[in-house]
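Overview (structure and organization)
One-letter residues, chain by chain:
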Amino acid sequence: MRRRPFHEVPPTDGLPLRLADLLPGSGDLAGTLAAQLGTPPMLLTCSGTAAFMVALRTLSEREPRRREVVVPAYTCPLVAIAVHALGLRLRLCDTRAGHFDMDEAALSSVCSEETLAVVPTHLAGLVADVDAANRIAGRVGAWVIEDAAQALGATQHGHSVGLRGDIGFFSLAAGKGLSIYEGGLLTSRDATLREAMRRTHEAMLPYDRGWEWRRSLELLGLAALYRPVGLTVAYGMPLQRRLRRGDTVAAVGDDFPARIPMHRVGTWRQGVGARAAARWPGFLAERRARAAQRIDRLRRIDGLAVLVPREDSEGSWPFLLLRFPDAARCNAVLGDLWCAGVGVSRLFVHALTDYAYLADRVPRAPTPHARSFAQCTATLSNSAWLDDATFERVAQAMERVLTTDEAPAMSPCAPR
Ligand SMILES: *Cc1c(COP(=O)(O)O)cnc(C)c1O
């Protein structure tokens, strides 16, 4: 598909910042979001990963003999890096066929008396099966930490995700929805656990002027460039360069450094986030309406599956997660659209076992469903900057690939 010059749609639908958000002044970001989402008080951390690490450290201080953390085999590499950084052992649970959620039988078989925590993960703003995780973790006496990094605003039975398990965390990173460039939120229904996590947070995360300066400048850069023209330079051009080299891991930003920065979030960034958060409920409502419309269209494409929420839940739709019948067709669609500036991308390019750079931190367990899910899925932005006409052209491009008998082999961003 041909690119429209100087118009790049972001892969996820983030809330754009306004100039007035950036004025000096503090604000209660965690309190604002807790009130909107109807959660208990939340702790603001410097990233979702830091929130996860505070949760894990708090739990392992209570049960030092339990050393294993069970995560889905298809998830963010930062999760594996965090577990390793704390000296804990990662256990992978394969996913259900054709899905990102953990398979119940696989989960039962990896959980044991060694398990510290099980981490059901709400990807793409969709809701994972926390009840199953609670049941299986409960049998071995492990805790449940909900990874809701991609699911701020998603609900089950009308309640925010992150509260059915023992602990839940969210991400405020760039590209996750509502962003202060890097940030995270951590909560629990249990007041004792919340207090313990607050103390861990105080001990683990110092004030650090250098990091806060850096993040503040990055946030200004994000505010300036998060629009179709700016994204051409900040996102589209590096993406094309990486894909031309064949480096898909770098292209989607799956290549994370081994050290996780740990510091407190400063008052200015909290204020920016709080002012932007005032627009979050309205933004989320628009996003849901747009997703509903677009799913209706995509469902008419034979062979294409759009992942949708379980029936007792409502998604938050930062992007749509699309599953193709096989890797060849998925690659053909990506070959046509990944570099076209229309918001088509991959979520994580591999199952955790298949990242070469993580080989020292991830066990070599076979997780065939997760691998196949990684190979057969792509994402489509739910940004309003993907206008209806362009969306229709994207749908037709997918239709073409799925209706021809032989998917053409295309490498993304090959010069035409
Ligand atoms: C992004 C992400 C994280 C980490 O959050 P950061 O705020 O980027 O540290 C954890 N889990 C999942 C599933 C994610 O997508």
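Values in this document were obtained by computation on a predicted structure and should not be read as measured data. All residue numbers refer to position in the chain's written sequence, counted from 1. Residues qualify for local features only when their pLDDT is at least 70, as the model is predicted, and side-chain atom pairs are given and counted only at 80 or more; totals for whole chains, interfaces and linings, by contrast, use all residues. No hydrogens and no water enter the side-chain calculation; it runs on all heavy atoms of the structure.

Quick look at the sheet that holds strand E6 (residues 155-156)
Heads up, the condition is: Pairing between strands is defined by DSSP: at least two bridges between the two strands are required. Segments assigned H or I by DSSP are reported as helices when at least four residues long, segments assigned E as strands when at least two residues long, and all are numbered from the N terminus.
On the basis of which strands lie adjacent, the open sheet formed by three strands has the order E7-E6-E11 and antiparallel pairing. Strand pairing shows two members of the sheet lacking a second neighbour, strand E7 (159-160) and strand E11 (313-314), which therefore form its edges. The sheet contact formed by E6 and E7 spans two bridges and is antiparallel. Note on E7: the bridge partner recorded for Gln 156 is His 159.

A short note on the packing of aromatic side chains
The criterion, for reference: Side-chain rings of Phe, Tyr and Trp (the six-membered ring for Trp) are treated as a pair once their centres are within 6.5 Å; stacked means planes under 30 degrees apart, edge-to-face means over 60, and tilted covers the remaining angles. Exposure is judged per residue with a 1.4 Å probe applied to protein chains only, and the accessible area is read against the type maximum: over 50% gives exposed, under 20% gives buried, and values in between give partly exposed. In this scheme, the term charge over a ring applies when either NZ of a lysine or CZ of an arginine sits within 6 Å of the ring centre and within 35 degrees of the ring normal.
By the definition in use, this model includes six aromatic pairs. Ring geometry for Tyr 74 versus Phe 373: centroids 5.2 Å apart, planes at 80°, classification edge-to-face. Linking Tyr 74 in the loop between strand E2 (68-72) and helix H3 (77-85) with Phe 373 in helix H13 (residues 368-376), this pair joins segments that are 299 residues apart in sequence. Phe 373 carries the same exposure label as Tyr 74, and that label is buried. Note on Tyr 226 and Trp 385: the rings are 5.5 Å apart at their centroids and 50° apart in plane angle, and the pair reads as tilted. Placement of the pair is Tyr 226 in the loop between helix H7 (209-225) and helix H8 (228-244) and Trp 385 in the loop between strand E14 (377-381) and helix H14 (388-403), with a sequence separation of 159 residues. Counting every residue linked through ring pairs, the aromatic cluster contains Tyr 74, Phe 348 and Phe 373. Directly above the ring of Tyr 207 sits Arg 264, whose terminal nitrogen or CZ lies 4.6 Å from the centroid.

Observations regarding the nonpolar core
Our working rule: Residues belong to one nonpolar core when they are buried, are Ala, Val, Leu, Ile, Met, Phe, Trp, Tyr or Cys, and are joined through side-chain atoms within 4.5 Å. Only heavy atoms enter the contact rule, under which two residues are in contact if any of them lie within 4.5 Å.
Core analysis: the biggest nonpolar cluster contains 131 residues, and Phe 52, Leu 56, Leu 298 and Met 398 have the highest contact counts within it. Take this core: its biggest share by element is eight residues, from helix H2 (residues 48-62). Here Leu 298 is in contact with Leu 304, Val 306, Leu 320, Leu 322, Leu 380, Phe 391 and Ala 395, once residues within four sequence places are set aside. With 15 residues, the next largest nonpolar core counts Met 102, Leu 107, Val 110 and Val 118 among its residues.

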